[in-house]
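A structural walkthrough
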Amino acid sequence: MPEMKVQRRCFRRYVVANEPNPCETDRRRRSCEVPKLTEARGNDVQAMGCVEDKGEEGSKKKYFVGQSSLFYRRDQMEVVTPIKDGLVEDWDLLEAVWDYGLKDRLMIDPKEHPFLMAEPSFNPDEKREKTVEAMFEKYGVPALFLAKNPVLSSFSMGRPTSLVVDSGGDGTTITAVHDGYVLKKGIVRSPVGGHLLSEVMLKALESSGTTIKPRYAFKRTNKGNGEFEVKDLDFPNTTESYRHYMQLDIVADIKESICRTSETAYVEEENQNIPTMAYELPDGNEIHIGGNRFKLPEIVFQPELASTFPGSSEALKMANGVPVKGLPDLVIDCINKCDVDVRKELYNGVILTGGNSVFPNMKERLEKELLDLAPGASRLKVITPTSNIERRFSVWIGGSILASLGSFQQMWMSKSEYDEHGPSLIHRKAP
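Note that this is a predicted model, so its numbers are computed, not measured.

1. Some points on the overall build of the chain
- In terms of regular secondary structure, the chain is built from 14 helices and 20 strands.
- Taking all 431 residues of the chain together, 52% fall into the buried category.
- For the chain, the accessible area works out to roughly 20300 Å², and carbon and sulfur atoms hold 46% of it.

Shown next, in the form of structure tokens:
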């Protein structure tokens, strides 16, 4: 990979990171979890939706993109996603997101700018070629490069070799990176992610009698002197998927506000008398959560705990009859799959990123458990970006660094090369 020397260019490179963020649609209308599209100044596309109306000329789809569109309730609005398990499933919806991000938010002509696009380390060849084809054929970009998410996260920390632990919404992926390239035989994945934790917490709250009212389902009026009047609103044409999504939005805030990782392995009997913490719901009701604020993040380390929450007995299904392993065991498995020669460097550079990494004590707990599992001669070091924002967007930060390197400019796949060799060339230009 290119050495880290920065050289200014007269054109602006754009970094596109396809990450699952929520989005919506209308009426039989399909909507999706939307990718992030950001420019070097940090503008992002938050969410999108699409509307399908059946008229005389047949069915037509209208897409809504942006957070304001997502939180505006529409009759018969469904919430779906073009990205499942980290891979693109609905290209029409994804291209609608790109259209909005490029034309309405960034307000640029893609024919005038090269694009660096981030992709998961397990992205299959056919989806890579589909991405290349869409960018050159539909958007006419002059040059393109596909970079692996863990490689960019590693570059964001200034390391060409590391073990990247990315625990985000859809799940957790652990990848070994050596000299700027992914060691594919060492990729380890787990379904434990932020969405799973939110689902488990929502079911636990509902089982305890707590009603999570979506923000559109009531009107709260200030009567003065600290008193509020809450009036329920009835929208019978609201779909269950949209209601569920809006509930998860509230639960995600609860999770991020009061949950924290236990310093040691969570034991139910030892945490029954933990003081509760209060949280005020949007409708003004107050809930108190005790041991579950430590137990929920513990699912990352002990996935079997998910089934102990009310209503979540089948939250994690075994893959091929094998129970889901905890995060420390997955890290060790990933390192052991790699060559002996690189294991020392991997132990010394474990990078923790993703939304779940922002739980307090997550880094310290992972480091403590890895010390118990790692060979005695290993020098273990777990590092994380300094701020929560950097942990969430380390892929984009690494992409912005890579695209700015002067020595990187020779690595672009140009439009002329695409015309001559076709989309399969990307496997040689960006392996």
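What follows picks up the thread again.
2. With respect to the packing of helix 8 (residues 327-336) against helix 10 (residues 362-373)
- It is at 9 Å that the axes of helix 8 and helix 10 come closest, and there the two elements cross at 55 degrees. Judged by the inter-axis angle, helix 8 sits oblique to helix 10. Crossing geometry of helix 8 relative to helix 10 is assigned as right-handed. For the pair helix 8 and helix 10, the contacting residues are Leu327, Pro328, Asp329, Val331 and Ile332 in the first and Leu366, Glu369, Leu370 and Leu373 in the second.
- Here the contact of helix 8 with helix 10 is composed, by residue class, of seven nonpolar, no polar and two charged.

3. Describing the packing of helix 5 (residues 194-207) against helix 6 (residues 240-258)
- Orientation of helix 5 relative to helix 6, taken along the N-to-C sense of each, is 95 degrees, at an axis distance of 9 Å. Relative to helix 6, the element helix 5 lies roughly perpendicular. Counting all contacts with helix 5, which are made through Gly194, Leu197, Ser198, Glu199, Met201, Leu202, Leu205 and Glu206, the residues of helix 6 involved are His244, Gln247, Leu248, Val251, Ala252, Ile254 and Lys255.
- Class assignment of the residues belonging to the contact of helix 5 with helix 6 gives a composition of eight nonpolar, four polar and three charged.

4. Remarks on the packing of aromatic side chains
- Throughout the structure, instances matching the rule amount to six aromatic pairs.
- A centroid spacing of 4.8 Å and a plane angle of 20 degrees characterise the contact between Phe136 and Tyr418, whose relative ring orientation is stacked. Taken together, the residues Phe136 in helix 3 (residues 125-138) and Tyr418 in helix 13 (residues 415-421) connect sequence positions 282 residues apart. No difference in accessibility class separates Phe136 from Tyr418, as the two residues are buried.
- A network of ring pairs unites the aromatic residues Phe145, Phe408 and Trp412 as a single cluster.
- When the ring centre of Phe309 is taken as reference, the NZ or CZ atom of Lys295 above it lies at 4.7 Å.

5. Focus on the confidence of the model for the chain
- The pLDDT averaged across the chain works out to 85; a share of 85% of its residues lies at or above 70.
- Note that pLDDT drops below 50 for residues 2-10; the model gives that stretch 17 contacts with residues more than four away or on any other chain.
- Note on residues 22-47: pLDDT is under 50 here. Beyond four places in sequence and across chains, it has 150 contacts.

6. Re the nonpolar core
- Leu163, Ile174, Ile254 and Ile299 are the most contacted members of the largest nonpolar core, which has 54 residues in total.
- The dominant element in this core, judged by the number of residues it contributes, is helix 5, at seven residues.
- Setting aside residues up to four positions removed in sequence, Leu163 forms contacts with Ile174, Thr175, Ala176, Val331, Cys334, Ile335, Leu346, Gly349, Val350 and Ile351.
- Counting residues in each nonpolar core, the second largest holds 43 residues, with Ile83, Phe145, Trp412 and Met413 among its members.

7. Considering helix 12 (residues 394-403)
- Among the ten residues that make up helix 12, seven are buried, leaving the element largely enclosed by the rest of the structure.
- Three or more residues of helix 12 are buried, namely Ser394, Val395, Trp396, Gly398, Gly399, Leu402 and Ala403.

8. Considerations on the environment of Gly326
- One can find Gly326 in the loop between helix 7 (292-298) and helix 8.
- Here Gly326 falls in the buried class, since its relative accessible area comes to 5%.
- It is 8.9 Å that separates the C-alpha atoms of Gly326 and Val192, two residues lying 134 residues apart in sequence.
- Contacts of Gly326, omitting those with residues within four sequence positions, involve Val300, Phe301 and Pro303.

Analysis parameters
- Residues numbered from 1 in each chain as written.
- Predicted model: local features only at pLDDT ≥ 70, side-chain atom pairs only at ≥ 80, totals over all residues.
- Heavy atoms only, no water.
- Helix = DSSP H or I, 4+ residues; strand = E, 2+ residues; numbered from the N terminus.
- Buried < 20%, exposed > 50% of the residue type's maximum accessible area, 1.4 Å probe, protein only.
- Areas by Shrake-Rupley, 256 points an atom, 1.4 Å probe, with all protein chains shown as cover.
- Axes fitted to C-alpha atoms, helices over the stretch in contact; angles between N-to-C directions.
- Parallel < 35°, antiparallel > 145°, perpendicular 65-115°, else oblique.
- Left-handed = near helix turned anticlockwise from the far one by under 90°.
- Contact = heavy atoms within 4.5 Å.
- Nonpolar A, V, L, I, M, F, W, Y, C, P; charged D, E, K, R; others polar.
- Phe/Tyr/Trp six-rings, centres within 6.5 Å; stacked < 30°, edge-to-face > 60°.
- Lys NZ or Arg CZ within 6 Å of the ring centre and 35° of its normal.
- pLDDT = per-residue confidence, 0-100.
- Core = buried A, V, L, I, M, F, W, Y, C linked by side-chain atoms within 4.5 Å.

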